[in-house]
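Summary of structural features
Residue-level listing of the chains:
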Amino acid sequence: MADRYQTRLGYKQEMFPRLDPVVHSRHRARWDGPLDEEALSRYERDGFLWFEGFYSQERLDPFQDELKEMAKDTELTQSEQVIQDPVSGELRSVFAMHELSERFSRLTRDPRILGMVHQLLGGDVYVHQSRINDKFQFQGAGFEWHSDFETWHAEDGMPAMRAVSASLMLSDNNEFNGPVMLIPGSHQYFVPAVKETPDQNWKDSLKSQRLGVPEREDLEWLANRGGIQAPKGPAGSLLLFECNTLHASNRNMSPWPRANLFFVYNSIDNPLGAPYSANEPRPEFLAARQSITPLDMLDEEDFQPFEMPGK
Ligand code: 6CS
Ligand code: FE
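Note that this is a predicted model, so its numbers are computed, not measured. (Residues numbered from 1 in each chain as written. Chains lettered and ligands numbered in written order. Predicted model: local features only at pLDDT ≥ 70, side-chain atom pairs only at ≥ 80, totals over all residues. Heavy atoms only, no water.)

Comments concerning the side chain of His 153
- Here His 153 lies in helix 7 (residues 148-156).
- Taking the relative accessible area as the measure of exposure, His 153 reaches 0% and is therefore buried.
- Separated by 2.7 Å, the side chains of His 153 and Asp 3 make a polar contact.
- Residue contacts for His 153: discarding those within four places in its chain leaves Asp 3, Tyr 5, Met 158, Pro 159, Pro 275 and Tyr 276. (Helix = DSSP H or I, 4+ residues; strand = E, 2+ residues; numbered from the N terminus. Buried < 20%, exposed > 50% of the residue type's maximum accessible area, 1.4 Å probe, protein only. Polar contact = N/O pair within 3.5 Å; in protein donor to acceptor, adjacent residues only side chain to side chain. Contact = heavy atoms within 4.5 Å.)

Right, dumping it as structure tokens:
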């Protein structure tokens, strides 16, 4: 497929308006879902939706227990899918969570999340990537500004902007422990990066991303236009954000750990091809090429009801 989002060519290119819809189900009744017109328009405008207190704390306890167990599994913590914090050496990310645990896998099929995702992506989806990002007290490092899509396009060969991340807060997110910050409206532009991708870039970039990041003048323009928001709330809150929305986070300077779980859903009509700007595809645990069967919704009764929030 032709490269409609050229990036990392070794020289500066201008940013340009995205070439794909933001909501892919418009005028397709078959993929109707729980999001009303107002929520869809907000997602189109901002590139994300925030649901404070989507799950209750009790509902999350078993997930936290399971994570503690995983942290004790030395075979796992020494594997490549576990990324260490660049400064402290503590656990920073665990990838392919949904492959490691049935409980996490079921969460990706919660009908209330999957219903919204089907609606946003206009069809069946699979999990492109899942991970937990853990920021320990006082030391968890931050993430530079980036668009996930820029990396997935360049390094994973994802053709179009037809993916969405669901980020579930496993701990409280407040202004002190390094919450995700987003630039509303930034998803409407593709911002090419400059530097070419070195071999095995992911071994470095997952610790600290220095490449595949927008130029400062572009960031400045987008942030002056849309502002910056950092959704905050209790554990159990949920953030849905479009794959091209620029986001970043600060170091955790507080005594309170921050743990967020991410599932990236990609449309089955947007499968990965050869990377557009890298020599080798990345490993399966970072970018699914084999496990791409469409997700089925689980039964409603397994999950507690949730009322759609207002503005
Ligand atoms: O390279 C990746 O796929 C990952 N890197 C970042 C900083 N965010 C998205 C994704 O998990
Ligand atoms: Fe990201």
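Section: the coordination of the iron ion (ligand 2)
- Looking at the iron ion (ligand 2), one finds its protein donor set to be His 146 (NE2), Asp 148 (OD) and His 247 (NE2), positioned 2.1 to 2.2 Å from the metal centre.
- Around the iron ion (ligand 2), the four donor atoms are arranged such that angles at the metal cover 82 to 172 degrees; this shape is classified as irregular.
- Along the chain, the residues that donate to the iron ion (ligand 2) are spaced as H-x1-D-x98-H. Highlighted residues: His 146 in strand 6 (residues 143-146) and His 247 in strand 11 (residues 247-249), separated in sequence by 101 residues. Side by side, His 146 and His 247 carry an identical accessibility label, which is buried. (Donors = N, O, S within 2.8 Å, 3.2 Å for Na, K, Ca; no water. Tetrahedral: all angles 85-135°; square planar, octahedral: opposite > 155°, others 65-115°.)

Things to note about the environment of Pro 231
- Within the secondary structure, Pro 231 is located in the loop between helix 9 (216-226) and strand 10 (238-242).
- When the C-alpha positions of Pro 231 and Phe 51 are compared, they lie 9.3 Å apart, and in sequence the two are 180 residues distant.

Examining the packing of aromatic side chains
- This model, assessed by the stated rule, comprises 13 aromatic pairs.
- On the basis of an interplanar angle of 55 degrees and a centroid distance of 4.9 Å, the ring pair of Tyr 5 and Phe 190 is categorised as tilted. Of the two residues, Tyr 5 is situated in the segment before strand 1 (16-17) and Phe 190 in strand 9 (residues 189-190); the sequence distance between them amounts to 185 residues. Taken as a pair, Tyr 5 and Phe 190 share a single burial class, namely buried. (Phe/Tyr/Trp six-rings, centres within 6.5 Å; stacked < 30°, edge-to-face > 60°.)

Examining the sheet that holds strand 4 (residues 91-95)
- Overall, antiparallel pairing links the seven strands, which are arranged 2-10-7-12-5-4-3 in an open sheet. Pairing within the sheet leaves two strands with one partner each, and these edge strands are strand 2 (48-51) and strand 3 (82-84). In this sheet, adjacent strand axes meet at a mean angle of 15 degrees when their direction is disregarded.
- As defined by bridge partners, strand 4 adjoins strand 5 (residues 125-135) across three bridges and the pair is classed as antiparallel. Paired with Phe 95 across the strands is Arg 131, a residue of strand 5.
- Each of strand 2, strand 5, strand 7 (163-169), strand 10 and strand 12 (258-267) is contacted by helix 6 (residues 111-121), which is oriented at about 45 degrees to strand 12, the strand it contacts most.
- Sitting on the sheet, helix 7 touches strand 5, strand 7, strand 10 and strand 12, and the angle it makes with strand 5 is about 120 degrees. (Pairing = 2+ DSSP bridges. Axes fitted to C-alpha atoms, helices over the stretch in contact; angles between N-to-C directions.)

Considering helix 9
- The complete set of buried residues in helix 9 reads Asp 218, Leu 219, Leu 222 and Ala 223. Down the axis of helix 9, the sector holding all buried residues measures 125 degrees, keeping them to one side. Residues of helix 9 that are exposed and angled more than 90 degrees away from the buried face: Arg 216, Glu 217, Glu 220 and Asn 224.
- On the buried face of helix 9, the contacting elements are strand 6 and strand 9.
- Within two residues after helix 9, Gly 227 carries a phi angle of roughly 75 degrees, on the positive side. (Arc of directions from axis to C-beta.)

Some thoughts on the sheet that holds strand 6
- A sheet is described by the order of its strands in space; here three strands give the open sequence 6-11-8, paired in antiparallel fashion. Edge strands, defined here as strands with exactly one partner in the open sheet, are strand 6 and strand 8 (180-182). Between one strand axis and the next, the sheet turns through 25 degrees on average, direction left out of account.
- Alignment of strand 8 against strand 11, held across three bridges, turns out to be antiparallel. Bridge pairing in strand 11 links Leu 182 to His 247.

Brief notes about unusual backbone geometry
- A positive phi angle, close to 60 degrees, is found at Arg 8, a residue other than glycine.
- For Arg 8, the position within the fold is in the segment before strand 1.
- A relative accessible area of 3% means that Arg 8 is categorised as buried.
- Positive phi outside glycine occurs at Gln 200, with the angle close to 55 degrees.
- Looking at the element boundaries, Gln 200 is found in the loop between strand 9 and helix 8 (202-205).
- What makes Gln 200 partly exposed here is its relative accessible area of 47%.

A few points about the confidence of the model for the protein
- The predicted model of the protein has a mean per-residue pLDDT of 90, with 96% of residues at 70 or higher.
- Across residues 305-311, confidence stays below pLDDT 50; counting only partners more than four residues off in sequence or on other chains, it has 15 contacts. (pLDDT = per-residue confidence, 0-100.)

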